[in-house]
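# Residue-level structure breakdown
Spelled out, the chains give:
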Amino acid sequence: MKAKRIIVPPIKSQGIKTKLVPWIIELAPKVTGKWIEPFLGTGVVAFNSGYKKAILNDTNPHIINFYKGIQEKTITVGLVKNYLEKESKLLSKANENGYEHFRKIKDRFNSEFSSLDFIFLSRAGFNGMMRFNKKGHWNIPFCKKPERFAQSYITKISNQVSAVSKIIQTDWIFYNKSFAEIIPMATENDIIYCDPPYFGRYVDYYNGWTEKDEKILFNLLCETKAKFILSTWHHNDYRENEMIKKYWNKFNIVTRDHFYHSGGKIENRRQIVEALVCNFDIDHIDLHNHGHLAKSGIEQINLFELLEEK
């Protein structure tokens, strides 16, 4: 049976959940209300959730402005394509192996905060990272590839914008608030998906994340009447996530192996056991697969086959 295609968003960031989407969606029970994300990030999970009504929030205003622009049709496929074609030519001819023009775009973004400059920087930054300094300015260096935006790459990004524009609903509400203001909006008919920065690991995010934040999140999710899924890390070869024992063990937890690159430290560039924490019955799910790595391509197909069979 043919696997369902995953909608990949145009914004790139480390820690994106693209490979984990089938696992998350399979676990999530269908509800009659809204899909709620207090930590939208790239939006990859929301775009594959299948809900017509959603509350989507992020403390990073540039992510929210970009997707609201698509929703309001002030950002279109044609506009993105033309912008990237223009800037790619200037980048390829710029001095310092392209860095001169990258610096120009970065400086312009840090003063004007253009959504088009934001998408350029998110795709041209070193190692696919997204980071801002205390002033809210872009703080990632150039990937040192002046030919980065080949026509095929521009087409790929344009197609991603097109796909997202067809997914974003008019009933989706975007916020740029604290997660603590969003979770209380949920009702018993809604589902909340939380993907906060991972405590104790490299934070590729607009804001940092402390144990105080983790405790606030825990208390809010304890109080909510909605169903929720929380993404976090369980352990790796070096250490365990101390927040699991301290807070999240009171809920149901599903784990699986996952490998991705995150940050500059070697311990953040190895296999990690991901965890999904939830407040509903998960008897139909295999709780743990860590200890043996699955082939991700086959695994994604099998999960979507299971969903379609249901």
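For the structure itself, look to the data block above.
Residues numbered from 1 in each chain as written. Predicted model: local features only at pLDDT ≥ 70, side-chain atom pairs only at ≥ 80, totals over all residues. Heavy atoms only, no water.

### Overview of the overall build of the protein
For clarity, the threshold we go by: Strands here are runs of E lasting at least two residues and helices are runs of H or I lasting at least four, both read from the DSSP assignment and numbered beginning at the N terminus. Burial status follows relative accessibility: with a 1.4 Å probe on protein chains alone, a residue under 20% of its type maximum counts as buried, one over 50% as exposed, and anything between as partly exposed. In what follows, a contact means two residues having at least one pair of non-hydrogen atoms within 4.5 Å.
In terms of helices and strands, the protein carries 11 helices and seven strands. Out of the 310 residues belonging to the protein, those deemed buried represent 54%. Across the protein, contacts joining residues at least 24 apart in sequence account for 71% of those joining residues at least 6 apart.

### Regarding the packing of aromatic side chains
For clarity, the cut-off: Stacked, tilted and edge-to-face are the three classes assigned to paired rings of Phe, Tyr and Trp, where Trp is represented by its six-membered ring and a pair needs centres within 6.5 Å; plane angles under 30 degrees give stacked, over 60 edge-to-face, the rest tilted.
For the structure shown, the criterion picks out 22 aromatic pairs. Taken together, a centroid distance of 5.0 Å and an interplanar angle of 80° make the contact between Phe47 and Tyr67 edge-to-face. Remark: Tyr67 occurs in helix 3 (residues 61-71) and Phe47 occurs in helix 2 (residues 44-47); sequence separation between them is 20 residues. For Phe47, a relative accessible area of 3% translates into the label buried. Ring geometry for Phe132 against Trp138: centres 5.4 Å apart, planes inclined by 90°, an arrangement best described as edge-to-face. Trp138 shares its class with Phe132; the two are buried. One aromatic cluster is present, built from ring pairs that chain together Phe109, Phe113, Phe118, Phe132 and Trp138.

### Notes on unusual backbone geometry
Its identity is not glycine, yet Asn97 carries a phi of approximately 60°, on the positive side. Within the secondary structure layout, Asn97 lies in the loop between helix 4 (77-93) and helix 5 (99-112). At Phe113, a residue that is not glycine, the phi angle is positive and equals roughly 55°.

### Let's talk about the nonpolar core
Selection criterion: Nonpolar cores were defined as sets of buried Ala, Val, Leu, Ile, Met, Phe, Trp, Tyr and Cys residues, with membership established by side-chain atoms within 4.5 Å.
If you look at the biggest cluster of nonpolar residues, it comprises 64 residues, and the most contacted ones within it are Trp35, Tyr67 and Phe120. Those residues in contact with Tyr67 that sit more than four places away from it in its chain are Pro9, Pro10, Ile11, Leu40, Gly41, Thr42, Phe47, Val164, Ile168 and Phe174. Core analysis: the second largest hydrophobic core is formed by 26 residues, Phe199, Leu220, Leu221 and Phe228 among them.

### Section: the side chain of Asp117
Relative to the helices and strands, Asp117 resides in helix 6 (residues 115-124). Look at Asp117 and you get buried, because its relative accessible area is 2%. Ignoring any residue separated from it by four or fewer positions in sequence, one finds Asp117 in contact with Tyr83, Ile105, Arg108 and Phe109.

Scope: geometric values only; no functional claims are made or implied.
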